Amino acid sequence: MTAAGQELHFADAGEAADLAAFLARLIHYDRAAAVRLQAGGGVLAVFGRPPSFEVLAIRTARLEAIIGTDATPAGAAGAASGPGTLDTTVSAGELEDALVTARAGRTADGPEVRDRGLVVTVPQAVTGPPWAGVLPPRGGWRRVSGLPGVDEVRGAVAAAVAEFRARDAALPEERRTRAERDRIGHEIWSRTLGDTGLPLRAVHAAQSLGFLRPVRTAAPAASAPGAGAGAGAGGGVATAVPGPTAEPLALLAAGGWLRLRTPYGSIAVRTSGLSGLSVTPA
């Protein structure tokens, strides 16, 4: 059995709505966007790559069940990797449509069931882009010191955006080309955030995808063990539903990756020369 036709039973409709919003933002940057889905341990992790940022974005949601899985070996396109697990690559647009359709079917149920689970059918698997085969490690994450607070991080993004706009506006007409704008953008967004080694493009991606918004008040929820980047040592990818005590931001490192973890998702970027970073256990 392939992943198409399998059902994801979300534990919370609000989390499914947040996932749909995340997919919509990915589609804004790439109408043909694909996402890789990995599920296990009661959590779904969705990986996407907005092309303008050259990073991986990860969003999670809690699952009650995956119906229709079988024992097809892991690694096969669109295959289930074991009971209650899933690993497949699908169209971001088709998955968003499935989420929106499932939510629309609940409209008549009334507000009393608003936060109950939601059942969504997994779309047909697609041939994954090259990035889908190179994901961050599942474990071994260690905390990186020196990450500024949320306000400082937002300020760094705002300052970089303002600099880009000012330099773009100052270009003479004959130099106002796509190549020149790309050069300026690459120079700005390749800078690192303080001494962390995290490129500013990763922080810009977090802001653009809604990962840096204030944490809403919600009941505490489990983090994302066992699904995608960050499972195991170092904790899950992100908190599926941010609780009132959710950590605003954390920077983690594993192998050749850095990961900015927020209450709403993670941004992962491949780096080199991590030996110079100050790394302590998460």
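Relevant structure appears above.
Quick caveat, the model's predicted, so the values are computed rather than measured. (Residues numbered from 1 in each chain as written. Predicted model: local features only at pLDDT ≥ 70, side-chain atom pairs only at ≥ 80, totals over all residues. Heavy atoms only, no water.)

Draft legend 1. Main features of the environment of L63. Tracing the backbone through its elements, the reader meets L63 in strand β4 (residues 56–67). You can call L63 buried: its relative accessible area is 10%. Between the alpha carbons of L63 and A39 there is a distance of 8.4 Å; along the sequence they are 24 residues apart. For L63, the contacting residues outside a window of four places in its chain are L8, H9, F10, A11, A39, G42, V43 and L44. (Helix = DSSP H or I, 4+ residues; strand = E, 2+ residues; numbered from the N terminus. Buried < 20%, exposed > 50% of the residue type's maximum accessible area, 1.4 Å probe, protein only. Contact = heavy atoms within 4.5 Å.)

Draft legend 2. Region of interest: the packing of helix α3 (residues 150–169) against helix α5 (residues 200–208). Look at α3 against α5: their axes get within 10 Å of each other, and the N-to-C directions meet at 100 degrees. Relative to α5, the element α3 is oriented roughly perpendicular. Here V153, R154, A156, V157, A160 and V161 of α3 come into contact with α5, specifically with L200, V203, H204 and Q207. Along the lines of polarity and charge, the residues of the contact of α3 with α5 split into seven nonpolar, two polar and one charged. (Axes fitted to C-alpha atoms, helices over the stretch in contact; angles between N-to-C directions. Parallel < 35°, antiparallel > 145°, perpendicular 65-115°, else oblique. Nonpolar A, V, L, I, M, F, W, Y, C, P; charged D, E, K, R; others polar.)

Draft legend 3. Examining helix α2 (residues 92–104) more closely. The terminal C-alpha atoms of α2, which comprises 13 residues, lie 18 Å apart, in line with the 18 Å expected from a rise of 1.5 Å per residue. Taken together, the buried positions of α2 are A92, G93, L95, E96, A98, L99 and A102. Structurally, α2 contributes buried residues whose contacts are with β1 (7–10), α1 (13–29), β2 (34–40), β5 (86–91) and β6 (118–121). A side-chain oxygen of the first residue of α2 lies 3.2 Å from the backbone nitrogen of G93; this N-cap is S91. (Expected span 1.5 Å × (residues − 1). Polar contact = N/O pair within 3.5 Å; in protein donor to acceptor, adjacent residues only side chain to side chain.)

Draft legend 4. Spotlight on the packing of aromatic side chains. Applying the stated criterion across every chain yields a total of two aromatic pairs. An angle of 25 degrees between the planes, with centres 5.8 Å apart, marks the rings of F22 and F211 as stacked. Within this pair, whereas F22 is found in helix α1, its partner F211 is found in the loop between α5 and β8 (250–254), the two being separated by 189 residues in sequence. For the pair formed by F22 and F211, the shared burial category is buried. Ring geometry for Y29 and F53: centres 5.2 Å apart, planes at 80 degrees, overall edge-to-face. Placement of the pair is Y29 in helix α1 and F53 in the loop between β3 (43–48) and β4, with a sequence separation of 24 residues. Between the NZ or CZ atom of R213 and the centre of the ring of Y264, over which it lies, the distance is 3.6 Å. The ring of W141 has R259 lying over it, and the distance from NZ or CZ to the ring centre is 4.4 Å. (Phe/Tyr/Trp six-rings, centres within 6.5 Å; stacked < 30°, edge-to-face > 60°. Lys NZ or Arg CZ within 6 Å of the ring centre and 35° of its normal.)

Draft legend 5. Spatial organisation of the pairing of β1. Of the strand pairs in this sheet, β1 and β4 are connected by four bridges, and their pairing is antiparallel. What sits directly across from E7, in β4, is I67. Examined bridge by bridge, β1 and β6 share four bridges and lie antiparallel to one another. Bridge assignment links E7 to a residue of β6, and that residue is T121. (Pairing = 2+ DSSP bridges.)

Draft legend 6. Up close: unusual backbone geometry. Positive phi is not limited to glycine here, since E54 has a value of about 60 degrees. The partly exposed category is assigned to E54, whose relative accessible area is 46%.

Draft legend 7. Structural view of α1. Taking 1.5 Å per residue as the helical rise, α1 with its 17 residues ought to reach 24 Å, and the 25 Å between its terminal C-alpha atoms agrees with that figure. Along α1, the positions that sit buried rather than exposed are A13, E15, A16, D18, L19, A20, F22, L23, L26 and I27. Check the buried side of α1 and you find it contacts β1, β2, β3, β4, α2 and β6. For α1, the N-terminal capping position is held by D12, with its side-chain oxygen 2.8 Å away from the main-chain nitrogen of G14.

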